[in-house]
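Here is how the chains run, residue by residue.
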Amino acid sequence: MTLNVRSEKNLVAVHEDLAKVVREVAKTHEILVIEGVRTRERQAQLYSQGRTQPGPIVTWTLESKHIDGRAVDVVQLKNGTIDWNDSKAFEELGKVMLATAKELGVGIRWGYDWNSNGKLKEKGETDGPHFQLED
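My aim in this report is to walk through the structure given alongside it, one point at a time. (Residues numbered from 1 in each chain as written. Predicted model: local features only at pLDDT ≥ 70, side-chain atom pairs only at ≥ 80, totals over all residues. Heavy atoms only, no water.)

## Section: the packing of helix H2 (residues 16-26) against helix H4 (residues 87-104)
Short version of the rule: Lines are fitted to the C-alpha atoms to define the axes, a helix being fitted only along its stretch in contact, and any angle between axes, read from their N-to-C directions, falls within 0 to 180 degrees. Starting at the N terminus, helices and strands are each numbered in turn, a helix being any DSSP run of H or I of at least four residues and a strand any DSSP run of E of at least two. In what follows, roughly perpendicular refers to angles from 65 to 115 degrees, roughly parallel to angles under 35, roughly antiparallel to angles over 145, and oblique to any angle outside these ranges. Note on convention: the crossing is left-handed when the near helix lies turned anticlockwise from the far helix by less than a right angle, right-handed when the turn is clockwise. The contact criterion used throughout is that any non-hydrogen atoms of two residues lie within 4.5 Å. In this classification, the charged set is Asp, Glu, Lys and Arg, the nonpolar set is Ala, Val, Leu, Ile, Met, Phe, Trp, Tyr, Cys and Pro, and all remaining amino acids, among them Gly, are polar.
The geometry of H2 relative to H4 is characterised by a closest axis approach of 9 Å and an angle of 120° between their N-to-C directions. Here H4 runs oblique to H2, going by the angle between their axes. Two packed elements cross with a definite hand, and for H2 against H4 that hand is right-handed. Where H2 abuts H4, its residues Lys20, Val21, Val22, Glu24 and Val25 lie against Leu93, Val96, Met97, Thr100, Ala101 and Leu104. In the contact of H2 with H4, the residues fall into eight nonpolar, one polar and two charged.

This is the structure:
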(Lines give C-alpha, C1' and ligand atoms only; values in the text may rest on other atoms or scores of the structure.)
Protein backbone atom coordinates (compact mmCIF):
# COMPACT_ATOMS: atom_id res chain seq x y z
CA MET A 1 0.00 0.00 0.00
CA THR A 2 1.03 3.59 -0.50
CA LEU A 3 -0.26 7.00 0.41
CA ASN A 4 -2.62 8.69 -2.01
CA VAL A 5 -1.92 12.08 -3.61
CA ARG A 6 -3.94 13.98 -0.99
CA SER A 7 -2.00 12.36 1.85
CA GLU A 8 1.37 13.08 0.22
CA LYS A 9 0.31 16.69 -0.36
CA ASN A 10 -0.64 16.98 3.31
CA LEU A 11 2.79 15.67 4.35
CA VAL A 12 4.61 18.48 2.52
CA ALA A 13 6.60 20.47 5.11
CA VAL A 14 5.75 18.02 7.93
CA HIS A 15 8.85 17.19 9.98
CA GLU A 16 10.74 14.38 8.24
CA ASP A 17 10.69 12.07 11.29
CA LEU A 18 6.92 12.24 11.59
CA ALA A 19 6.44 11.85 7.83
CA LYS A 20 8.71 8.78 7.95
CA VAL A 21 6.44 7.17 10.56
CA VAL A 22 3.31 7.88 8.51
CA ARG A 23 4.84 6.50 5.32
CA GLU A 24 6.00 3.35 7.10
CA VAL A 25 2.50 2.72 8.51
CA ALA A 26 1.03 3.31 5.04
CA LYS A 27 2.98 0.28 3.78
CA THR A 28 0.67 -2.02 5.76
CA HIS A 29 -2.47 0.03 6.48
CA GLU A 30 -4.85 1.99 4.30
CA ILE A 31 -4.61 5.49 5.80
CA LEU A 32 -5.38 9.08 4.89
CA VAL A 33 -3.47 12.12 6.11
CA ILE A 34 -6.28 14.59 6.68
CA GLU A 35 -4.09 17.48 7.71
CA GLY A 36 -0.43 18.25 8.19
CA VAL A 37 0.94 21.78 8.37
CA ARG A 38 -1.58 24.51 9.21
CA THR A 39 -1.34 28.23 8.87
CA ARG A 40 -2.04 30.37 11.94
CA GLU A 41 -5.18 31.54 10.15
CA ARG A 42 -6.40 27.95 9.72
CA GLN A 43 -5.64 27.20 13.37
CA ALA A 44 -7.58 30.30 14.46
CA GLN A 45 -10.49 29.21 12.27
CA LEU A 46 -10.52 25.76 13.87
CA TYR A 47 -10.19 27.27 17.34
CA SER A 48 -13.23 29.50 16.77
CA GLN A 49 -15.34 26.47 15.84
CA GLY A 50 -17.67 25.67 18.72
CA ARG A 51 -16.81 28.96 20.40
CA THR A 52 -17.70 31.90 18.18
CA GLN A 53 -18.52 29.90 15.04
CA PRO A 54 -20.93 26.98 14.54
CA GLY A 55 -19.81 23.41 14.98
CA PRO A 56 -18.17 21.26 17.64
CA ILE A 57 -14.95 22.25 19.37
CA VAL A 58 -12.09 20.51 17.52
CA THR A 59 -8.99 22.10 19.06
CA TRP A 60 -8.00 23.45 22.43
CA THR A 61 -5.15 25.72 21.41
CA LEU A 62 -4.10 28.49 19.06
CA GLU A 63 -0.49 27.21 19.28
CA SER A 64 -0.87 23.80 17.64
CA LYS A 65 2.09 21.63 16.66
CA HIS A 66 0.49 21.61 13.20
CA ILE A 67 1.71 25.18 12.68
CA ASP A 68 5.37 24.20 12.68
CA GLY A 69 4.91 20.83 10.94
CA ARG A 70 5.26 18.73 14.07
CA ALA A 71 1.75 17.20 13.95
CA VAL A 72 -0.51 15.30 11.58
CA ASP A 73 -4.07 14.08 11.61
CA VAL A 74 -4.28 10.56 10.19
CA VAL A 75 -7.22 8.18 9.87
CA GLN A 76 -7.53 4.56 8.88
CA LEU A 77 -9.68 3.89 5.85
CA LYS A 78 -11.91 0.87 5.44
CA ASN A 79 -12.76 0.22 1.81
CA GLY A 80 -11.69 3.77 1.02
CA THR A 81 -13.96 5.46 3.55
CA ILE A 82 -13.66 6.96 7.04
CA ASP A 83 -16.00 5.80 9.78
CA TRP A 84 -15.78 8.60 12.35
CA ASN A 85 -17.78 6.49 14.82
CA ASP A 86 -15.42 3.48 14.68
CA SER A 87 -13.45 4.09 17.85
CA LYS A 88 -11.72 0.71 17.50
CA ALA A 89 -10.24 1.75 14.13
CA PHE A 90 -8.76 4.88 15.72
CA GLU A 91 -7.37 2.81 18.58
CA GLU A 92 -5.90 0.23 16.20
CA LEU A 93 -4.20 2.88 14.07
CA GLY A 94 -2.92 4.69 17.16
CA LYS A 95 -1.26 1.56 18.47
CA VAL A 96 0.33 0.88 15.07
CA MET A 97 1.56 4.48 14.81
CA LEU A 98 3.09 4.34 18.30
CA ALA A 99 4.76 0.98 17.69
CA THR A 100 6.13 2.09 14.33
CA ALA A 101 7.45 5.32 15.78
CA LYS A 102 9.18 3.38 18.53
CA GLU A 103 10.74 1.00 16.00
CA LEU A 104 12.05 3.99 14.05
CA GLY A 105 13.31 5.78 17.17
CA VAL A 106 10.84 8.64 16.82
CA GLY A 107 9.03 9.93 19.91
CA ILE A 108 5.38 10.79 19.27
CA ARG A 109 2.29 11.60 21.31
CA TRP A 110 -1.22 10.55 20.39
CA GLY A 111 -4.47 12.45 20.86
CA TYR A 112 -6.09 9.50 22.69
CA ASP A 113 -3.25 9.33 25.25
CA TRP A 114 -1.65 12.75 25.81
CA ASN A 115 0.43 11.66 28.80
CA SER A 116 1.60 8.46 27.03
CA ASN A 117 0.75 6.19 29.95
CA GLY A 118 -1.15 3.65 27.84
CA LYS A 119 -4.55 4.49 29.37
CA LEU A 120 -6.60 5.63 26.41
CA LYS A 121 -9.05 8.51 26.83
CA GLU A 122 -8.61 8.48 30.62
CA LYS A 123 -8.99 12.26 30.81
CA GLY A 124 -11.61 12.52 28.08
CA GLU A 125 -9.14 12.73 25.19
CA THR A 126 -11.01 12.73 21.90
CA ASP A 127 -8.41 13.50 19.23
CA GLY A 128 -7.81 9.99 17.88
CA PRO A 129 -6.48 11.14 14.48
CA HIS A 130 -3.84 13.47 16.00
CA PHE A 131 -0.18 12.49 16.28
CA GLN A 132 2.63 14.89 17.14
CA LEU A 133 6.34 14.75 17.80
CA GLU A 134 7.32 14.81 21.44
CA ASP A 135 8.96 18.02 22.61
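Text resumes after the structure shown.
## As for empty space enclosed by the protein
In plain terms, the rule: Cavity: a set of points on a 1 Å grid over the protein atoms alone where a 1.4 Å probe fits but cannot get out. Pocket: an open set with protein on both sides within 12 Å along at least five of seven lines, its lining residues, like those of a cavity, having an atom within 4 Å of a point. Grid points are joined across faces, edges and corners, and a volume is the space filled by probe spheres set on the points.
Scanning all chains against the criterion turns up one cavity of 30 Å³ or more. Space inside the largest cavity adds up to approximately 30 Å³. Around the largest cavity sit Val75, Gln76, Ile82, Asp83, Asp86, Ala89 and Phe90, which together line it. Broken down by class, the residue content of the lining of the largest cavity amounts to four nonpolar, one polar and two charged.

## Looking at the sheet that holds strand E4 (residues 130-133)
Note the cut-off: The pairing criterion is simple: DSSP has to find at least two bridges between the two strands.
Reading across the sheet, the four strands line up as E1-E2-E4-E3 and stay open at both edges, with antiparallel pairing between neighbours. Both outer strands of the open sheet, strand E1 (31-35) and strand E3 (108-110), are each paired with one neighbouring strand and no more. Taken over all neighbouring pairs, the strand axes of this sheet differ in orientation by 35° on average, direction set aside. Its contacts with the sheet put H4 on E1, strand E2 (71-76), E3 and E4, and the angle it makes with E3 is roughly 170°.

## Points about the pattern of salt bridges
As a reminder, the rule being used: By convention in these notes, a salt bridge is any Lys or Arg side-chain nitrogen within 4 Å of a carboxyl oxygen on Asp or Glu. When a residue's accessible area, from a 1.4 Å probe over protein chains only, is under 20% of the maximum for its type it is buried; when over 50% it is exposed; and in between it is partly exposed.
For the structure shown, the criterion picks out nine salt bridges. Residues Arg40 and Glu63 are paired through a salt bridge, measuring 3.2 Å at the closest nitrogen-oxygen approach. On the criterion of sequence distance, the pair formed by Arg40 in helix H3 (residues 40-48) and Glu63 in the loop between H3 and E2 is long-range, its members being 23 residues apart. The exposure class of Arg40 is partly exposed, given its relative accessible area of 46%.

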